[in-house]
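Structure assessment
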Amino acid sequence: MENIFDFTMSELEDRLITKGYKKFNARQVFEWIYKKKVSRFEDMSNLSKKLREYLINNYDFSTLEVDSHQVSNDGTEKFLFRLEDSNLIETVLMRHDYGNSVCVTTQLGCNIGCSFCASGLQKKKRDLGTHEIVMQVLKVEQLSKERVSHVVVMGIGEPFDNYLATMRFVDIINNPYGLEIGARHITISTSGLVPKIREFAEEEKQVNLAISLHAPNDEIRSRLMKINNTYSIREVIQAARDYVEKTNRRITFEYILLDGINDDLKHANQLSDLLRGINCYVNLIRYNYVEEFSYRGSSEERSNAFYLQLKRRGINATLRREKGGDIDAACGQLRSKKV
Ligand code: SAH
Ligand code: SF4
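Residues numbered from 1 in each chain as written. Chains lettered and ligands numbered in written order. Predicted model: local features only at pLDDT ≥ 70, side-chain atom pairs only at ≥ 80, totals over all residues. Heavy atoms only, no water.

**Some remarks on unusual backbone geometry**
Stated precisely, the cut-off is as follows: Numbered from the N terminus, helices here are DSSP runs of H or I no shorter than four residues, and strands are runs of E no shorter than two. Between buried and exposed lies partly exposed: a residue is buried under 20% and exposed over 50% of the maximum accessible area for its type, with that area taken using a 1.4 Å probe on protein chains only.
Residues other than glycine seldom take positive phi values, yet K145 does so here, at roughly 55 degrees. Along the polypeptide, K145 turns up in the loop between α4 (130-144) and β9 (150-153). Positive phi, normally seen in glycine, also occurs at E180, with a value near 55 degrees. Looking at where E180 falls in the secondary structure, it is placed in the loop between α5 (163-174) and β10 (186-190). Among the residues examined, E180 registers a relative accessible area of 41% and is labelled partly exposed.

**Quick look at the site of ligand 1**
Basically, it comes down to this: We call a residue near a molecule or strand when any one of its heavy atoms sits within 4 Å of it. The definition of a polar contact used here is a pair of N or O atoms within 3.5 Å, where within protein one atom must be able to donate a hydrogen and the other to accept one, and adjacent residues in sequence count solely through side-chain atom pairs. All accessible areas in this document rest on Shrake-Rupley with a 1.4 Å probe, and a residue is counted as covered only by the protein chains that are shown. Amino acids outside the nonpolar list (Ala, Val, Leu, Ile, Met, Phe, Trp, Tyr, Cys, Pro) and the charged list (Asp, Glu, Lys, Arg) are all regarded as polar, and Gly is one of them.
Residues in close proximity to ligand 1 total 20 residues, the closest being G157, S189, S212, H214 and N288. Note that an oxygen atom of ligand 1 is positioned 3.5 Å from one of the backbone N or O atoms of T190. Within the contact set of ligand 1, an oxygen atom lies 2.6 Å away from a side-chain nitrogen or oxygen of H214. Here ligand 1, which alone exposes 530 Å², has 96% of that area covered by the protein. Contributing elements (two or more residues each) for the shell around ligand 1: β10, β12 (251-257) and β13 (280-286). Class assignment of the residues belonging to the shell around ligand 1 gives a composition of 8 nonpolar, 9 polar and 3 charged.

**Description of the site of ligand 2**
The local shell around ligand 2 consists of C110, I112, G113, C114, C117, S119, G120, G157 and S191. Tallied by class, residues from the shell around ligand 2 come to 4 nonpolar, 5 polar and no charged.

**Observations regarding the packing of helix α6 (residues 194-201) against helix α8 (residues 233-247)**
Formally: Working convention: axes come from line fits to C-alpha atoms, limited for helices to the stretch in contact. Angles between N-to-C directions cover 0 to 180 degrees. In these notes the angle categories are as follows: under 35 degrees is roughly parallel, over 145 is roughly antiparallel, 65 to 115 is roughly perpendicular, and the rest is oblique. In what follows, a contact means two residues having at least one pair of non-hydrogen atoms within 4.5 Å.
Between α6 and α8, the least distance of the axes is 9 Å, while the angle of their chain directions is 0 degrees. Judged by the inter-axis angle, α6 sits roughly parallel to α8. Listed contacts from α8 to V194, I197, R198, F200 and A201 of α6 are E235, V236, Q238, A239, D242, Y243, K246 and T247. For the contact of α6 with α8, the residue count by class is 7 nonpolar, 2 polar and 4 charged.

**Some points on α6**
Quick reminder of the rule: Regarding the arc, it is the one traced by the directions from the helix axis to the C-beta atoms.
Among all positions of α6, only V194, I197, F200 and A201 are buried. All buried residues of α6 fall inside an arc of 120 degrees around its axis, so they share one side. Looking at the packing, one finds that the buried side of α6 touches α5, β10, β11 (208-212) and α8.

**Looking at the packing of aromatic side chains**
Note the following rule: Pairing of aromatic side chains here covers Phe, Tyr and the six-membered ring of Trp, requires ring centres within 6.5 Å, and sorts the geometry by plane angle: under 30 degrees stacked, over 60 edge-to-face, intermediate tilted.
Applying the stated rule across the entire model yields 13 aromatic pairs. Taking 5.5 Å as the distance between ring centres and 45 degrees as the angle between the ring planes, the aromatic pair formed by F160 and F200 counts as tilted. Residue F160 is found in the loop between β9 and α5, and its partner F200 is found in helix α6; the two are separated by 40 residues along the sequence. Residue F200 is classed as buried on the basis of its relative accessible area, which comes to 2%.

**Things to note about the domain arrangement of the protein**
Convention followed: In this document the domain limits rely on a domain assignment from an automatic tool or a database. What counts as buried area is the accessible surface, traced by a 1.4 Å probe, that two parts surrender upon association, with contributions from both included. We count a salt bridge whenever a side-chain nitrogen from Lys or Arg sits within 4 Å of a carboxyl oxygen from Asp or Glu.
Once the domains are mapped, the protein shows domain 1 (2-60) and domain 2 (65-336). When each unit is reduced to the centre of its C-alpha atoms, the spacing between domain 1 and domain 2 is 33 Å. Between domain 1 and domain 2, the residue contacts involve 14 residues of the former and 17 residues of the latter. Of the roughly 1400 Å² buried between domain 1 and domain 2, counting both surfaces, carbon and sulfur atoms make up 59%. Broken down residue by residue, the surface that domain 1 buries against domain 2 is led by F5, Y34 and K37, which jointly contribute 37%. Our count for the contact surface shared by domain 1 and domain 2 stands at 3 salt bridges. The partner of E141 in a salt bridge is K37, and the shortest N-O contact between them spans 2.8 Å. Going through the elements one at a time, α1 (9-18) and α2 (23-35) are the ones with two or more residues in the side of domain 1 that touches domain 2. The element contributing the most residues to the side of domain 1 that touches domain 2 is α2, with 6 residues.

**A short note on the sheet that holds β9**
Quick note on the threshold: Think of it this way: DSSP has to see at least two bridges between two strands before they count as a pair.
Here 10 strands make up an open sheet; going across it, the order is β3-β4-β5-β6-β9-β10-β11-β12-β13-β14 and the pairing mixed. On the outer flanks of this sheet lie β3 (65-71) and β14 (317-319), each paired with one strand and no other. The mean inter-strand angle of the sheet, taken between neighbouring strand axes irrespective of direction, is 20 degrees. In the sheet, strand β6 (residues 99-103) pairs with β9 via 3 bridges, with the strands oriented parallel. Bridge pairing links V102 to V151 in β9. Sitting on the sheet, α5 is in contact with β9 and β10, with an inclination near 170 degrees to β10.

This is how it looks when you write it as structure tokens:
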């Protein structure tokens, strides 16, 4: 048995054509699953009986069970889902004035092990399959009975360390016969795996790319992110430049403001020198406290000063408000609950 949520439209088309069915049958299946949210092939009434039988005999629907569910004061919801092998993953639904966005998890744990991040406290146990990532969005739509218009791949895990599943996930949720989430409404965040940034630039997808930079020089970045010993800032920035040139798309750099570590005005100056001439913007993130670490987020005052300094030096920046902090649903607060 294969999982129906693992298939992109073109893969399903190829499969059905090989079996003697029509290309448009794949669209019909997609509409049943993703638009009508039907989870039994028996109920797909416009398919021939023969096709329904073929589907029943060869594919199944994965399930995600809700283990627990929390709602924040600001309307953010955190779901703890149980996978079929009983591992638990976290998915977050955020409500914005422009629509609902879902933050998905791509791995159980994370091997990148950044020194400030709760998700990295646990070594990667395994990658999630495409269907397990797709199901997070579908399940949140089913449970909330609201449309999800935006997706951020910023939950637990490094998406570029689970590259193929992430790309297929994007393809599936973007499909017009499926969840129809616009590519420009999808953002993938990476810790900076340079070969994968280069591969991603070749994908010809309109998906947004965000790179977790968090430091203006190698000395600080290596302390925060040991991945910097493998791909230095210079290499990451060059890959980002090439990405922008190749895709004509703006790139985002994420930068957590950590008190006394990377939030000095001289760091803002270094950062602006580093990014000069790149079509980019810097997303300044407030650090969400993680009790296992000694890091503290920068004060309001220092954050604003940093932000203004970037602006003054001609760098686009935003100082983001966090959602869901009261239920540990904010960025970097997610963690796989069970070993
Ligand atoms: N592994 C990918 C995507 C998941 S993390 C990456 O690192 O980019 C998504 C974002 O949350 C990253 O920018 C990450 O650095 C940031 N983050 C991690 N821990 C955080 C925390 N405690 N507070 C705020 N942001 C955090
Ligand atoms: Fe992994 Fe991203 Fe957390 Fe680093 S910040 S440990 S890459 S999830």
